[in-house]
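# Structural overview
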Amino acid sequence: MKTTSCKCTHTGDSAPVQENRVCMISGASSGIGKALALEMLRRGYSVSLSARRPQVIEEYLSATFSAQDVEERCLVVKTDVSVEDECRKWVEETVRRYRRIDVLICNAGLSMRGLFGECKMETLHRLMDVNFWGTTYCSNYALPYLLESKGSLVGVSSIAGYQSLPGRCAYSASKAAIHHLLDTIRVENLKKGLHVMVACPGFTASHVRENALDKDGNPQGKTPRDEEKMMSAEKVARIMADGIRRRKRSLVLTPLGKITVFVQKFWPQLTESVAYSYMSKEPGSPVK
């Protein structure tokens with residue numbers, strides 16, 4: 001574990017600087033997690049960042065900010081969110097360093113490609129362990145501090161949490177479980193000032209598809225999609241940070257995602273047919 005920190009000011013036009021506030025972000029080594037870390041630092045937060053590859057976080061922090069800035073306002077903790085004790089220790093390290101938690105963003109996640117009838121059970125377990133249980137562990141240990149600060153609990157989910165995607169069985173199940181978990185936490189703490197937000201970025205340019213597991217549990221190694229046409233991780237981070245500031249309940253970021261969520265409520269058979277057609281056209285898709 002290495003401790004770091006930043007005297008950074010937000011360079012955007014609309015978001016105020018949030019001084020003396022602390023944001024925890026899991027899965028902060030790349031993609032949306034990395035973009036969120038940089039965005040929250042620029043908005044004035046101190047950050048506690050976790051990933052299985054902490055050295056990657058330390059590298060981009062040192063390349064972006066001065067050594068003094070990094071030392072003062074960043075905490076980097078090696079964490080595998082699928083391991084409960086490591087999540088507990090991450091929260092404890094954060095509180096020991098900063099004495100408070102204002103925002104927890106459960107961003108760490110894993111994707112997959114494979115038909116349910118062909119997937120090894122170990123693959124499905126791994127998806128649930130990282131996506132659902134990782135969110136559950138971090139939320140559980142951070143909750144007392146978020147209640148104390150009347151802060152924000154944020155889950156990075158997916159449109160797959162609303163509309164199941166063929167070839168993404170465990171991914172869809174884990175995201176739907178995250179939705180219901182966070183919705184329940186919101187209702188249970190309705191009178192306590194806790195803000196809970198579920199964010200669904202849609203297809204985003206990141207490394208999530210490169211690290212996605214195949215049916216046998218092996219990383220597929222390359223993305224099957226043209227990521228140049230996707231929303232950037234930086235734009236996703238800006239929208240999410242604004243959503244936290246405005247204390248929104250949910251975010252569905254892309255036009256396609258918004259249409260899917262709306263249509264699925266009234267014509268679920270239509271969205272199922274569209275989802276099948278859309279995913280079957282993906283290069284190398286297991287859906288035929």
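Throughout what follows, the structure given in this document is the object of discussion. All values derive from a computational prediction rather than experimental measurement.

## Comments concerning the overall build of the chain
- From N to C terminus, the chain includes 9 helices and 10 strands.
- Looking at the chain residue by residue over its 288 residues, the buried ones come to 53%.
- Here the analysis covers contacts within the chain between residues at least 6 apart in sequence; of these, 74% occur between residues at least 24 apart.
- Total accessible area on the chain is roughly 13700 Å²; 52% of this is exposed by carbon and sulfur atoms.

## Here's the deal with helix α1 (residues 31–42)
- With 12 residues, α1 should cover 16 Å at 1.5 Å per step; its first-to-last C-alpha distance of 17 Å lies within 8% of that length.
- Taking burial as the measure, the 12 residues of α1 include 10 buried ones, the bulk of the element.
- Looking at α1, one finds that the buried residues are Gly31, Ile32, Gly33, Ala35, Leu36, Ala37, Leu38, Glu39, Met40 and Leu41.
- Positive phi shows up at Gly44, right after α1, with a value of about 100 degrees.

## What about the packing of helix α5 (residues 121–149) against helix α6 (residues 169–188)?
- Orientation of α5 relative to α6, taken along the N-to-C sense of each, is 15 degrees, at an axis distance of 8 Å. Viewed along their axes, α5 and α6 adopt a mutual orientation that is roughly parallel. Like other packed secondary-structure pairs, α5 and α6 cross with a definite hand, here right-handed. Counted together, Leu124, Leu127, Met128, Asn131, Phe132, Thr135, Thr136, Ser139 and Leu143 of α5 and Cys169, Ala170, Tyr171, Ala173, Ser174, Lys175, Ala177, Ile178, Leu181, Leu182 and Ile185 of α6 form the full contact between these two elements.
- For the contact of α5 with α6, the class distribution of residues is 14 nonpolar, 5 polar and 1 charged.

## Let's talk about helix α8 (residues 255–266)
- A rise of 1.5 Å per residue sets the reference length of α8, with its 12 residues, at 16 Å; its end C-alpha atoms lie 18 Å apart and thus fit the reference within 8%.
- Among the residues of α8, Gly257, Thr260, Val261 and Val263 are the ones counted as buried.

## Digging into the side chain of Ser139
- Within the secondary structure, Ser139 is located in helix α5.
- In this structure, Ser139 is in contact with Leu104, Cys106, Leu153, Leu182 and Ile185, ignoring residues within four places of it in sequence.

## Quick word on empty space enclosed by the protein
- Enumeration according to the criterion identifies 2 cavities of 30 Å³ or more in this entry.
- The calculated volume of the second largest cavity comes to roughly 30 Å³.
- Taken together, Ser26, Val81, Cys106, Ala108, Val130, Gly134, Thr135 and Cys138 form the lining of the second largest cavity.
- A per-element tally of the lining of the second largest cavity places α5 first, with 4 residues.

## Things to note about the packing of aromatic side chains
- The final tally for this structure, using the stated rule, is 4 aromatic pairs.
- The interplanar angle of 55 degrees and the centroid separation of 5.8 Å between the aromatic rings of Phe266 and Trp267 together place this pair among those described as tilted.
- Classification of Trp267 as partly exposed rests on a relative accessible area of 49%.
- Among the aromatic residues, ring-to-ring pairing joins Phe132, Trp133 and Tyr137 into one connected group.

## Let's talk about the pairing of strand β2 (residues 22–25)
- A two-sided burial pattern is seen for β2, the buried positions comprising Val22 and Met24 on one face and Cys23 and Ile25 on the other.
- Relative to strand β3 (residues 46–51), β2 runs parallel, the two sharing 4 bridges. Counted as the bridge partner of Met24 is Ser48 from β3.
- Considered for its hand, the β-α-β crossover made up of β2, α1 and β3 is right-handed.

## As for the nonpolar core
- Counting 41 residues, the largest nonpolar core has Leu104 and Leu153 as its most contacted members.
- Those elements that place two or more of their residues in this core are β2, β4 (74–78), α4 (84–98), β5 (103–106), α5, α6 and β7 (195–200).
- The element best represented in this core is α5, accounting for 8 residues.
- Residues Cys23, Met40, Val76 and Met240 belong to the second largest nonpolar core, which totals 36 residues.

## Focus: a nonpolar patch on the surface
- On the surface, a nonpolar cluster with roughly 750 Å² of combined accessible area is contributed by Leu256, Phe262, Phe266, Trp267, Leu270, Val274 and Tyr278.
- Those elements giving two or more residues to the nonpolar patch turn out to be α8 and α9 (268–280).
- On the secondary structure map, Trp267 appears in the loop between α8 and α9.

## Here's the deal with unusual backbone geometry
- A positive phi angle is found at Arg99, which is not glycine, with a value near 70 degrees.
- Tracing the backbone shows Arg99 in the loop between α4 and β5.

The rules we used
- Residues numbered from 1 in each chain as written.
- Predicted model: local features only at pLDDT ≥ 70, side-chain atom pairs only at ≥ 80, totals over all residues.
- Heavy atoms only, no water.
- Helix = DSSP H or I, 4+ residues; strand = E, 2+ residues; numbered from the N terminus.
- Buried < 20%, exposed > 50% of the residue type's maximum accessible area, 1.4 Å probe, protein only.
- Contact = heavy atoms within 4.5 Å.
- Areas by Shrake-Rupley, 256 points an atom, 1.4 Å probe, with all protein chains shown as cover.
- Expected span 1.5 Å × (residues − 1).
- Axes fitted to C-alpha atoms, helices over the stretch in contact; angles between N-to-C directions.
- Parallel < 35°, antiparallel > 145°, perpendicular 65-115°, else oblique.
- Left-handed = near helix turned anticlockwise from the far one by under 90°.
- Nonpolar A, V, L, I, M, F, W, Y, C, P; charged D, E, K, R; others polar.
- 1 Å grid on protein atoms, 1.4 Å probe; cavity = no way out; pocket = protein on both sides within 12 Å on 5 of 7 lines; lining within 4 Å.
- Points joined across faces, edges and corners; volume = space filled by probe spheres on them.
- Phe/Tyr/Trp six-rings, centres within 6.5 Å; stacked < 30°, edge-to-face > 60°.
- Pairing = 2+ DSSP bridges.
- Right-handed = clockwise from strand over helix to strand, strands pointing away.
- Core = buried A, V, L, I, M, F, W, Y, C linked by side-chain atoms within 4.5 Å.
- Patch = residues over 30% accessible without salt bridge, like charges linked within 9 Å, V, L, I, M, F, W, Y side chains within 5 Å.
- Salt bridge = Lys/Arg side-chain N within 4 Å of Asp/Glu carboxyl O.

Nothing here speaks to function; it is all geometry.
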